[in-house]
Amino acid sequence: MSATNPTTKRGWPATDDAVDAGAVLGALDDDACRAILEATDDESLTATELSEQCEIPMSTAYRKVEKLTEADLVEERVRINTSGKHATEYRKCFDDVLVSVDDGDIAIEMTKPDADTDASAPFAVADD
């Protein structure tokens, strides 16, 4: 049995830091990153689950989720297992990305998920 810790960070940072356009565009230009974003659209997955579902090596899954996390496109959460083994899981944390160019400057705007998604739900429990 496992549960997701709902007290961990969800969604956007509390600060109004600007999004790194290069990091976002680099991640979105990567085939494996896009596959991970599709896989994590409806559910949180561990790196092992992403490796299997996206048919990529484990080392690639870890590198790509790190790239996506740095670009603020996925969030990390802790899946707490009653067996004592905890795992980090990843989930897409945006709905839309809007890219605009104004006087040579690239601006990125991301919309966050609605408040009524599973982020507000109490523990997501699953059997192992």
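For the structure, see preceding data.
These numbers were taken from a predicted model, which means no experiment stands behind them.

Engineer: Mind showing me how you'd approach the overall build of the chain here?
Structural biologist: When helices and strands are counted, the chain shows four helices and seven strands. For the chain, the sequential pattern of α-helices and β-strands runs β-α-α-β-α-α-β-β-β-β-β. For the chain, with 128 residues in total, the buried portion stands at 34%. The long-range fraction of contacts in the chain, counting pairs at least 24 apart against all pairs at least 6 apart in sequence, stands at 62%. With the model as given, the accessible surface of the chain reaches about 7800 Å², and the carbon-plus-sulfur share is 48%.

Engineer: So what exactly am I meant to see when it comes to the packing of aromatic side chains here?
Structural biologist: Enumeration over the complete set of coordinates arrives at zero aromatic pairs. Between K92 and the ring centre of F94, over which it is positioned, the NZ or CZ distance is 5.0 Å.

Engineer: Help me understand a nonpolar patch on the surface in this model?
Structural biologist: On the surface, a nonpolar cluster with roughly 330 Å² of combined accessible area is contributed by L25, V99, V101 and I106. Relative to the elements of secondary structure, I106 occurs in strand 6 (residues 105–111).

Engineer: Could you clarify how one ought to interpret the packing of helix 3 (residues 47–54) against helix 4 (residues 58–70) in this entry?
Structural biologist: Packed helices, taken two at a time, are described by their axes: the angle between them and the distance between them. Here helix 3 crosses helix 4 at 110 degrees, and the two axes come no closer than 9 Å. Taken together, helix 3 and helix 4 sit at an angle that is classed as roughly perpendicular. For the element pair helix 3 and helix 4, the recorded crossing hand is right-handed. Contact with helix 3, carried on its side by A47, T48, L50 and S51, involves M58, A61, Y62 and V65 of helix 4 and no other residues of that element. By residue class, the composition of the contact of helix 3 with helix 4 is six nonpolar, two polar and no charged.

Parameters at a glance
- Residues numbered from 1 in each chain as written.
- Predicted model: local features only at pLDDT ≥ 70, side-chain atom pairs only at ≥ 80, totals over all residues.
- Heavy atoms only, no water.
- Helix = DSSP H or I, 4+ residues; strand = E, 2+ residues; numbered from the N terminus.
- Buried < 20%, exposed > 50% of the residue type's maximum accessible area, 1.4 Å probe, protein only.
- Contact = heavy atoms within 4.5 Å.
- Areas by Shrake-Rupley, 256 points an atom, 1.4 Å probe, with all protein chains shown as cover.
- Phe/Tyr/Trp six-rings, centres within 6.5 Å; stacked < 30°, edge-to-face > 60°.
- Lys NZ or Arg CZ within 6 Å of the ring centre and 35° of its normal.
- Patch = residues over 30% accessible without salt bridge, like charges linked within 9 Å, V, L, I, M, F, W, Y side chains within 5 Å.
- Salt bridge = Lys/Arg side-chain N within 4 Å of Asp/Glu carboxyl O.
- Axes fitted to C-alpha atoms, helices over the stretch in contact; angles between N-to-C directions.
- Parallel < 35°, antiparallel > 145°, perpendicular 65-115°, else oblique.
- Left-handed = near helix turned anticlockwise from the far one by under 90°.
- Nonpolar A, V, L, I, M, F, W, Y, C, P; charged D, E, K, R; others polar.

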